[in-house]
Amino acid sequence: MKIIEKYFPNITDEQKKQFEALYDLYLEWNGKINVISRKDIDNLYEHHVLHSLAIAQAIRFKPGSTVLDFGTGGGFPGIPLAIMFPDTHFTMIDGTGKKIKVVEEVAKAIGLKNCTPKHIRGEEEKGKYDFIISRAVMPLPDLVKITRKNISKTQRNAMLNGIICLKGGSLDSEIAGYKNKCELTEISTWFDEEWFKEKYLVYLPL
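Quantities reported herein were computed from a predicted structural model and do not represent experimental measurements.

Caption draft 1: View of the packing of aromatic side chains. The full count for this structure, using the stated rule, is 7 aromatic pairs. Aromatic side chains Phe61 and Phe85 sit 5.2 Å apart centroid to centroid with 75 degrees between the ring planes, which places their arrangement in the edge-to-face category. Of this pair, Phe61 sits in the loop between α4 (54-58) and β1 (66-70) while Phe85 is found in the loop between α5 (78-84) and β2 (89-94), placing the two residues 24 residues apart along the sequence. Grouping residues by exposure puts Phe61 and Phe85 together as buried. Aromatic pair Phe61 and Phe131: ring centres 5.7 Å apart, planes at 55 degrees, arrangement tilted. Of the two residues, Phe61 is situated in the loop between α4 and β1 and Phe131 in strand β4 (residues 131-135); the sequence distance between them amounts to 70 residues. What links up through ring pairs into an aromatic cluster is the set Tyr7, Phe191, Trp195 and Phe196. Over the ring of Trp195 we find Lys199; its NZ or CZ atom is 4.2 Å from the centre of that ring.

Caption draft 2: Region of the structure containing the packing of helix α2 (residues 13-32) against helix α3 (residues 44-52). Between α2 and α3, whose axes approach to 12 Å, the crossing angle comes to 120 degrees. Judged by the angle between their axes, α2 and α3 are oblique. For the element pair α2 and α3, the recorded crossing hand is right-handed. Of the residues in α3, those touching α2 at Phe19, Glu20, Ala21, Leu22, Tyr23 and Tyr26 are Leu44, Tyr45 and Val49.

Caption draft 3: Expanded view of the pairing of β1. For β1, a buried count of 4 out of 5 residues is recorded, marking the element as mostly surrounded by other parts of the structure. Relative to β2, β1 runs parallel, the two sharing 5 bridges. Within β2, the residue paired with Asp69 across the bridge is Met92. Tracing the backbone out of β1, into α5 and back to the parallel element β2 gives a crossover that is right-handed. Here 3 bridges tie β1 to β4, and the two strands are oriented parallel to one another.

Caption draft 4: Representation of the sheet that holds β1 within the structure. Read across the open sheet, the 7 strands follow the order β3-β2-β1-β4-β5-β7-β6; overall the sheet is mixed. Whereas interior strands pair on both sides, the edge strands pair on one side only; in this sheet they are β3 (115-119) and β6 (183-186). Between one strand axis and the next, the sheet turns by 20 degrees as a mean value, whatever way the strands run. Bridge count for β4 against strand β5 (residues 162-168) is 5 bridges, and the pairing is parallel. Paired with Ile133 across the strands is Ile164, a residue of β5. The strands that α3 touches are β4, β5 and β7 (199-205); relative to β4, the one it contacts most, it runs at about 170 degrees. Of the strands in this sheet, β1, β4, β5 and β7 are in contact with helix α7 (residues 140-147), which crosses β5 at around 155 degrees.

What counts as what
Throughout, residues of each chain are indexed from 1 in the direction in which the sequence is written. Note on the predicted model: pLDDT of at least 70 is required for a residue's local features to be given, and 80 or more for side-chain atom pairs to be given and counted; whole-chain, interface and lining totals, by contrast, use all residues. Side-chain figures throughout are based on the complete set of non-hydrogen atoms in the structure, without hydrogens or water. Any two rings among Phe, Tyr and Trp, with Trp reduced to its six-membered ring, count as a pair given centres within 6.5 Å; such a pair is stacked if its planes are under 30 degrees apart, edge-to-face if over 60, and tilted if neither. What counts as a helix is a DSSP run of H or I of at least four residues, what counts as a strand is a run of E of at least two, and both are numbered from the N terminus. Partly exposed residues are those whose accessible area sits between 20% and 50% of the maximum for their type, while under 20% is buried and over 50% is exposed, using a 1.4 Å probe and protein chains only. In this scheme, the term charge over a ring applies when either NZ of a lysine or CZ of an arginine sits within 6 Å of the ring centre and within 35 degrees of the ring normal. Axis definition: a line fit to C-alpha positions, over the contact stretch in the case of helices; interaxial angles, taken between N-to-C directions, run 0 to 180 degrees. Each angle gets one of four labels, with under 35 degrees taken as roughly parallel, over 145 as roughly antiparallel, 65 to 115 as roughly perpendicular, and the rest as oblique. The hand of a helix crossing depends on one turn: near helix anticlockwise from the far one by less than a right angle means left-handed, and clockwise means right-handed. A contact between two residues is defined here by any heavy atoms of the two lying within 4.5 Å. At least two bridges found by DSSP between two strands is the condition for calling them paired. Handedness is read with the strands pointing away from the viewer; a crossover is right-handed when the path from the first strand over the helix to the second is clockwise.

Purely geometric numbers; function is a separate question.
What follows is the structure, encoded as structure tokens:
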């Protein structure tokens, strides 16, 4: 938990409580439904929570913004971001019902009022959003193909509406078709832990 306060020292007491509660909740749920690698649960705050919050370093969502967490899995990046931005609404979708059950229970346990978990495939999601966020769900061209229909035409943030995703490794082939529009930021720009080397935030306005 200290790693969250290291980079986000201004979080409220309520947000601190919500972040602190995540470890026990994910430990318990992971015992029933494997949403995080069992070897990785001890690294929950660095590898999952802080990694998700790289998006909070790239953009401060304006109150009233709407965000679709595509392929949320066990709730990343959506749950940490919903804690960080209580005035932004997060719709969190996944095609695996068990994973969405975990998201629902974790959100309920920490009192998150600004997220809607849905057991639905991306192709079936009809809503319009300011941003689509995801964490290593699929190659960027596939993600664009499925979610372009979900980007709202109404602008409310300083950054243009589009896709923000967290990825690792070599991305040259993935972003080749979007070279002039795509912005790539090394997450190690914001976080100095070794684990964030060769991990990127990809932003594609649409």
